[in-house]
Amino acid sequence: MSHVIAIDGFSACGKSTLARAMAKRLNYRFIDTGAMYRMITLHFLRNEVSLEDEGAVAGALEGLRVDFLPGSNDALLNGENVETEIRGRAVSDFVSPVAAVAAVRRWVVPQQQAMGKAGGIVMDGRDIGTVVFPDADLKLFITADRETRIQRRIQELIAKGIPADPEAIANNLDERDRIDSTRQDSPLRKADDAIEIDNSSLSLQEFIEVGMAEAAKI
Ligand code: CDP
């Protein structure tokens, strides 16, 4: 079987970790759509694109390529491996305003839909079950309490050798959740038919098993 599995949720709640693990177990492709918005953001920062300038936004998107290195899934911006750079503070602080721009979403969503057309995909983000794949075979909505999410993100960044200031991280997660949930275009919300999983008190292994148990039902 070749299903489409959509995983959405708030910042740093473990979506990508679950999506990656489930894709591996199911032998499906894993797509981290957050990384696509992060790559666009890095490109805009490098080229000093003003979000208010529609022409500049359109120009910056023209000819841009965001994809993933086969195997490792590292983020590739015009062929350049930017996996570490997109996780840093500069991109994290600017990504939600960029992702709220309708022209950006109009450019990237059809690419995500094309990636999932043949099925056999686990895609995680904010609007996968609501906008990108409203007919997904399985929709999971992941939550975890705020403190757990902050601590996990700190550990994740330290493990990657990226500077992690606890206060800045907490502020960033709060601010992104606020912008992502209140924007006009494709706000973060649980799809009516999504299954909610709160992983605050689950180990990583337990969390993956809960996700896999849902996948086994489809
Ligand atoms: O991993 P983390 O929770 O930090 O976030 P991410 O998945 O890397 O997403 C970064 C940002 O991209 C989010 O805060 C959203 O602003 C945006 N995003 C989005 O708008 N729609 C998606 N499908 C995925 C991400």
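Numbering of residues starts from 1 in each chain and follows the order in which that chain's sequence is written. pLDDT decides what is reported in this predicted model: residues at 70 or higher carry local features, side-chain atom pairs at 80 or more are listed and counted, and totals for whole chains, interfaces and linings draw on all residues regardless. Side-chain figures throughout are based on the complete set of non-hydrogen atoms in the structure, without hydrogens or water.

Enquirer: Explanation requested: the sheet that holds strand E3 (residues 66-68) in the structure shown.
Expert: Each strand in a sheet pairs with another by means of backbone hydrogen bonds, the pair being arranged parallel or else antiparallel. By the convention used here, strands pair only if DSSP detects at least 2 bridges between them. Strands are runs of DSSP state E lasting at least two residues, helices are runs of H or I lasting at least four, and both sets are numbered from the N terminus onward. What the three strands build is an open sheet, ordered E3-E4-E5; its pairing is antiparallel. For this open sheet the edge positions go to E3 and strand E5 (80-81), each flanked by a neighbour on one side alone. As paired strands, strand E4 (residues 75-77) and E5 are joined by two bridges and run antiparallel to one another. Note that in E5 the partner of Leu77 across the bridge is Glu80. Sheet strands touched by helix H2 (residues 33-46): E3, E4 and E5. Its angle to E3, the strand with the most contacts, is close to 135 degrees. Any two residues whose heavy atoms approach within 4.5 Å are treated as being in contact. Here, axes are lines fitted to C-alpha atoms. For helices the fit covers the stretch in contact, and angles between N-to-C directions go from 0 to 180 degrees.

Enquirer: Looking at this model, I keep getting lost on the site of the ligand. Mind explaining?
Expert: Near the ligand you find 19 residues, and of these Ala12, Arg38, Arg153, Asp180 and Arg183 are the closest. The definition of a polar contact used here is a pair of N or O atoms within 3.5 Å, where within protein one atom must be able to donate a hydrogen and the other to accept one, and adjacent residues in sequence count solely through side-chain atom pairs. In the environment of the ligand, a nitrogen atom lies 3.0 Å from a nitrogen or oxygen atom belonging to the side chain of Thr33. One nitrogen or oxygen atom from the side chain of Ser96 is found 3.1 Å from an oxygen atom belonging to the ligand. When residues in the shell around the ligand are grouped by element, the largest group, four residues, is from H2. The classification used treats Ala, Val, Leu, Ile, Met, Phe, Trp, Tyr, Cys and Pro as nonpolar, Asp, Glu, Lys and Arg as charged, and all other residues, Gly among them, as polar. Considering only residue class, the shell around the ligand consists of five nonpolar, five polar and nine charged. Distances are taken per atom, and a residue is near a molecule or strand as soon as one of its heavy atoms is within 4 Å of it.

Enquirer: Hey, could you run me through the pairing of strand E7 (residues 138-143) in this one?
Expert: As a general feature of sheets, a regular strand has side chains that alternate between the two faces. When a residue's accessible area, from a 1.4 Å probe over protein chains only, is under 20% of the maximum for its type it is buried; when over 50% it is exposed; and in between it is partly exposed. Within E7, six of the six residues are buried, which leaves the element mostly enclosed by the surrounding structure. Burial along E7 is two-sided: Leu138, Leu140 and Ile142 and Lys139, Phe141 and Thr143, pointing in opposite directions, are all buried. As judged from the four bridges shared by E7 and strand E8 (residues 195-198), these two strands associate in the parallel manner. Counterpart to Leu140 in the pairing with E8 is Ile195.

Enquirer: Explanation requested: the packing of aromatic side chains in the structure shown.
Expert: Note on aromatic contacts: the rings of Phe and Tyr and the six-membered ring of Trp form a pair at centre separations within 6.5 Å, being stacked when their planes are under 30 degrees apart, edge-to-face when over 60 apart, and tilted otherwise. Under the criterion given, the structure shown has one aromatic pair. Taking 6.1 Å as the distance between ring centres and 85 degrees as the angle between the ring planes, the aromatic pair formed by Phe10 and Phe141 counts as edge-to-face. Placement of Phe10 in the loop between strand E1 (4-9) and helix H1 (15-26) and of Phe141 in strand E7 is noted, with a sequence separation of 131 residues between them. Classification of Phe141 by relative accessible area gives buried; the value is 5%.

Enquirer: Please explain the sheet that holds E8 as it appears in this structure.
Expert: Here we have five strands laid out as an open sheet, ordered E2-E6-E1-E7-E8, and parallel in their pairing. Each edge of the open sheet is held by one strand with a lone partner, namely strand E2 (29-32) and E8. Ignoring which end each strand starts from, the neighbouring axes of this sheet average 20 degrees apart. Those strands touched by H1 are E1, E2, strand E6 (121-125) and E7, and its axis lies near 165 degrees from that of E1. H2 contacts E2 and E6 of the sheet and is inclined by roughly 45 degrees relative to E2.

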